[in-house]
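An overview of the molecular structure
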Amino acid sequence: MPLSQSSPPPPVGGRRNVLTDIEDKTEVDDDDAHPLLSELVNGDLAAFWKLWEQHRKYLYGVCLRQMGGIHADAEDALSRAMMTAWRRLPNHAGKIHDQRSLRGWLARLTHNLCVDIHRERKRNGGPLRSLDEFTPENVEAAGGSAESPEDSLLRREMELYLRLMIARLAPNLRTPFVLRFFHDIPYGEIAAQLNLSSENVRKRIQQARAVLQDNLRQYRAGLTVPTLRFGEFECLEELLAGLFAGDELCVDEAPRARTSRPRTVRTACVVLPSGVERSFDILLDKSWAADEVGALARSRDYPEGREHQLSPASLLHESGRWEEAVGELRRLIARQPDLTEAQLRLGDILCQLGRGEEAWAVYEQALRAAKKESMRRHLRGLMEVSRGRHERAAVEFRRAALLEPRAPLHLHSLGLTHLRAGSHVEALKAFDEALKRDPDDIVALTFSHDPLMASGCSREAVRRLRRAIKLDAKNAAALTRLVKHRLTLGAVAGVEGQETRRLLHMVERAAPDAPQVRELLATYHVRRGEWEEGVRRLLTLVAERPMCPAGWRSLAHTLLQTGEYDEAADVARRAHALHPDDLDIQEAACEVFARARRPDALRHILAVLLTRRPGRWSVWTTAGLALVSSHGDDAERACSLSSHATTLRPQLADAWFEHGKVLAAAGRHREAVNALTEGWKFLTDEACDPRTLSAAVCLGESCAACGDEERARAWFETAVRRSPAQATLRSAATHFWQGRALEALGDKANAVQCYSEALAAHVLYPERQEALKRLERLTDRAPRV
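What counts and what doesn't
- Residues numbered from 1 in each chain as written.
- Predicted model: local features only at pLDDT ≥ 70, side-chain atom pairs only at ≥ 80, totals over all residues.
- Heavy atoms only, no water.
- Helix = DSSP H or I, 4+ residues; strand = E, 2+ residues; numbered from the N terminus.
- Buried < 20%, exposed > 50% of the residue type's maximum accessible area, 1.4 Å probe, protein only.
- Contact = heavy atoms within 4.5 Å.
- Areas by Shrake-Rupley, 256 points an atom, 1.4 Å probe, with all protein chains shown as cover.
- Axes fitted to C-alpha atoms, helices over the stretch in contact; angles between N-to-C directions.
- Parallel < 35°, antiparallel > 145°, perpendicular 65-115°, else oblique.
- Left-handed = near helix turned anticlockwise from the far one by under 90°.
- Nonpolar A, V, L, I, M, F, W, Y, C, P; charged D, E, K, R; others polar.
- Salt bridge = Lys/Arg side-chain N within 4 Å of Asp/Glu carboxyl O.
- Core = buried A, V, L, I, M, F, W, Y, C linked by side-chain atoms within 4.5 Å.
- pLDDT = per-residue confidence, 0-100.
- Pairing = 2+ DSSP bridges.

**Observations concerning the overall build of the protein chain**
The secondary structure content of the protein chain amounts to 40 helices and two strands. Within the protein chain, the proportion of its 785 residues that are buried is 52%. For the protein chain, restricting intrachain contacts to residue pairs at least 6 apart in sequence, the fraction spanning at least 24 positions comes to 60%. Carbon and sulfur atoms form 50% of the exposed surface of the protein chain, whose accessible area is close to 36300 Å².

Structure representation (C-alpha cells):
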C-alpha cells in the first residue's frame, strides 16, 4: 500500500510537547559512557540497552520533530533507529570517546532514518517481492503507521479521566451534558425532560464544558493527577458504565446489578463453497447449544422468545451447515432488524468464512440500531476484527468492558482478539479478569490455557481445562488441549494411558467429525512407538477427506516427527495449496521445508508468511529458525528476523527463547545468553516443561562457548533441578534435555541413562536423531532401540 506523505509535514499546531522540552535539556554524565562503551566493544550487548535507555527519550524527541509531531510515526522511526543502532553501534563503539559524542552519533543515525522514511513515502514503494527484501523495518513501513501501544494506553487513560471528571460535575451540570453529548438528545427535548428553558440548558452545558476544558488543560500540562475519592475505587467501572450507557445519570446511586447468560464452546466442521473442509471453535450461549435447544424443543413449555427464534440457526451453526445458517439468520434479521444476537451470530459466521466485507456490513447495520454505548463499542471492535485490525479491535473491546464490566462478552472478545494477534500476556489478563467476575466462565477457562502455557504455568492451565470440562463435557476445544498436553508428557501407558484414552473417547463423542480427533489418535499411537499405525490412521483420513487441509497438515507434522522429511515436505505442500492462509499450516511448512532441505519452497513460504502476518511474533522466530537450520549463509538474516519477535512481544518468554536459539545456532553466543536470560525473567518458579529445560541447556551451552564455565555449570544444574520429579511427568523430551545437561556436567553414566530412557519413551525427531548420536558417542557403540 503506497505511503502518503512526500515530505516531512510541518509540526503540529498548538502547544509544544512539554516532555520534549524537558528531554532536550537532559544531559547524562560523560563519565558514565566509558565503561558501557568498553563493554559493548568487548561483545556484551547488554551494555547497548543501558546506553539506549539513557538516550531514548532524547531520540524520541528527535523523531517527534522530524515526523511532524505524529506520535505513531515517531514511534515507528524510533523502533527502526533502535534496531539499526543495535546492529551498527558495536562496530563503531571503539571510535566514540564520551557520552556527548555517542548522543551525536545516535541523533545523526536517527535523523537519517527519519529522512529515509520520508523518501520511502515519496517513492510510494510497492510490495516486497523477494525474501532478500524482508526486514522488520521494511515490513513495518509497508504496513503503514498504526497507533502505538503507548499512545493507545495514554488515550484510554485520558478518556477514563475525562469520564471521571464528568461524573464529578455538579448534578445540575452533569445531567444536561450527558443527555446532550452521550445520548444525542436535542436541546428542546432536554429542556422539556428537565423542566427547564432551552437557554438554561445551553448555559449549563456551556458551564460544564468550561469546567472540563480547564480540567483537561491541567491534566495535559501535568499540573494535576487523577485520584479517586474514598469509596470510588470499588465501584468506578460500574459507576461510569451506568452513567454513560444510559442506565442511570446520578453517580450517587449504587450501580444496578447486571446478569449475563453463560457461554460455552463447541466445535463445528464446515464444508466451504470451494469444497475445502475446516473445523472452527464457536462460542454459544449455553441455552443455544444443540442439546439444550433439543431439550427445549421437546418441552411443552417451549418459550416463544429469543431461543425459539434463534434455535434453527443455532442448530445449523453448530452442525456446520453455515450457508444455510447464513440464510436463516438473514431472514430473521429482515423480520426483526433490531435482533442484535442474530446480527452478532451472522457477522461471526461471515468473518470466519473469510467474507470480511459482508461481516462489516452486518455489524454496521447493527451499530446504527444499537443504543447502549458498550454494545456500540463492541460492534466497532468486531468491525475492526473483520478487517484484520486486531490492535484497534482490542481498544474498542476494552472500552466496552469498562462500560459494561459485568458482561463477559466484551472480555471474551478482547482475550480472543489478543490471542489471534499472538499477544499472550494481554490475552491472559483479559481472561483472568473474566474469571474474577465468574470463576465458572467456560470460555475464559478454555482459552486461557494457551497463554498460561506460554507463561510456563502448565499446572494452572491444566486445572482450568479440567474445570471447563467438568462444567461442560462436550467442550471439544478444552478436551483437545488437555489430550495434547498429556500426549506431550507421554501419558500413553499404564494408568495414565487409560486416562488419556478416556479423554480421547470424550473428544470423539463431542466432535466426531473433527479432523483433530484423528490427529490425536494418530499422535497417541506415535507416542506409544506405534509409528506405522499413527501414520496409517492419518493416511486413511486424507484418503477419505482429501479436501481437509488440517488432515494433510497433521500428516506432514507426523511424518516430520518420525524422520520422513522428504515425504513430509510433499504433504506440507499439498496442505498449503488447500489453505494458503492458515497460520498453523504455514509455520508447519516452514519447519518441514527447512528439515527437508527445500530452499526454494522455504523461501516462498517465508515470503507469504512475513507478508501476511507481520504483527505476530511467532512468524519472525519461525522464519529465523528455518533459515538458520537450512542455510548457513542466511544466519545474519535469520538473527535479524527473529529479533523482531522480541520487539513485538518484549514480555513473552517464548519470544526471547526462540530468538536466543536462533542466535546460538548462528554462533552468536554472547547475544544468545542475553536473549535467553531475558526470557527467563518472565517464567514462574513452577515452569518445568521441555521448553524450559531446553532454554536452560541452551543458556548453559552458550555460556560455555563464551568461556564462562561457572555460569554454564549453574544453568546445567538448573536444567537438572527443574526436571519434574514425578515419573508420570517425565516425557521423552524431558529425558533428552536432562541428558544433555548431565552430559555437559560430566555425569556420563546418568546422561547415558537419560538418553536411553528418552529413546525407550519414543522421543521424536529431530531430538531422536540427536539422542542416538550422543548415546553412540558416550557408549562407543550403536544403541539398541
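**A closer look at the packing of helix α32 (residues 617–630) against helix α34 (residues 653–665)**
Contact pair α32 / α34: the axes reach a minimum separation of 9 Å and the direction vectors enclose 20°. Between α32 and α34, the angle is such that the two are roughly parallel. Viewed along their axes, α32 and α34 form a crossing whose handedness is left-handed. For the pair formed by α32 and α34, the contact residues are Trp-617, Thr-621, Gly-624, Leu-625 and Val-628 on the first element and Asp-654, Ala-655, Glu-658, His-659, Lys-661, Val-662 and Ala-665 on the second. Across the contact of α32 with α34, the residue classes tally to six nonpolar, three polar and three charged.

**Here we look at the pattern of salt bridges**
All told, the structure shown has 42 salt bridges when counted by the stated rule. Between Glu-396 and Arg-377 there is a salt bridge, and its shortest N-O distance comes to 3.4 Å. Taken together, the positions of Glu-396 in helix α18 (residues 390–403) and Arg-377 in helix α17 (residues 373–386) put the pair 19 residues apart, joining distant regions of the chain. A relative accessible area of 12% means that Glu-396 is categorised as buried. Arg-377 sits in the buried class, given a relative accessible area of 12%. Counted as one network, the salt bridges with shared partners bring together Glu-373, Arg-377, Arg-380, Glu-396 and Arg-399.

**So, the packing of helix α15 (residues 340–352) against helix α16 (residues 356–369)**
At their nearest, the axes of α15 and α16 sit 8 Å apart, and the two run at 165° to each other. Relative to α16, the element α15 is oriented roughly antiparallel. With respect to the hand of their crossing, α15 and α16 are arranged in left-handed fashion. In contact with Gln-343, Leu-344, Leu-346, Gly-347, Asp-348, Leu-350 and Cys-351 of α15, α16 contributes Gly-356, Glu-358, Ala-359, Val-362, Tyr-363, Gln-365 and Ala-366.

**Description of the nonpolar core**
Ranked by internal contacts, the top residues of the largest apolar core, which has 160 residues, are Trp-322, Leu-379, Phe-447, Leu-555, Phe-593 and Leu-602. The residues touching Leu-602, leaving out its near neighbours within four places in the chain, are Cys-590, Phe-593, Ala-594, Ala-626 and Ser-630. Formed by 33 residues, the second largest nonpolar core is a distinct cluster that contains Ala-47, Leu-51, Tyr-58 and Cys-114.

**So, the environment of Gly-415**
Tracing the chain through its elements places Gly-415 in helix α19 (residues 408–420). When the C-alpha positions of Gly-415 and Arg-398 are compared, they lie 9.7 Å apart, and in sequence the two are 17 residues distant. Apart from residues no more than four positions distant in its own chain, Gly-415 is found in contact with Ala-427, Ala-430 and Phe-431.

**Concerning the environment of His-735**
With respect to the helices and strands, the residue His-735 is situated in helix α38 (residues 732–744). For the pair formed by His-735 and Leu-759, sequence separation is 24 residues and the distance between their alpha carbons is 8.8 Å.

**A look at the confidence of the model for the protein chain**
Residues of the protein chain with pLDDT of at least 70 account for 78%, and the chain-wide mean is 79. No element of the protein chain has a lower mean pLDDT than helix α1 (residues 18–24), at 31, and none a higher one than helix α21 (residues 442–447), at 96. Residue range residues 1–33 is modelled with pLDDT below 50. Its contacts to residues more than four positions away, or to other chains, number 51 contacts. For residues 228–259, every residue scores under 50 in pLDDT, and the model assigns this stretch 66 contacts once sequence neighbours within four places are set aside.

**With respect to the environment of Ile-166**
Mapped onto the elements, Ile-166 comes out in helix α7 (residues 149–167). Accessibility expressed as a relative area gives 2% for Ile-166, which makes it buried. Spatially, the C-alpha atoms of Ile-166 and Val-211 are 9.2 Å apart, while their sequence positions differ by 45 residues.

**Considering the pairing of strand β1 (residues 263–271)**
Across the nine residues that make up β1, a large majority, seven, are buried. Pairing between β1 and strand β2 (residues 277–285): nine bridges, direction antiparallel. The partner of Val-265 across the bridge, within β2, is Leu-283. In this structure, the hairpin formed by β1 and β2 is closed by a connection of five residues, where Gly-275 is found at a positive phi of approximately 95°.

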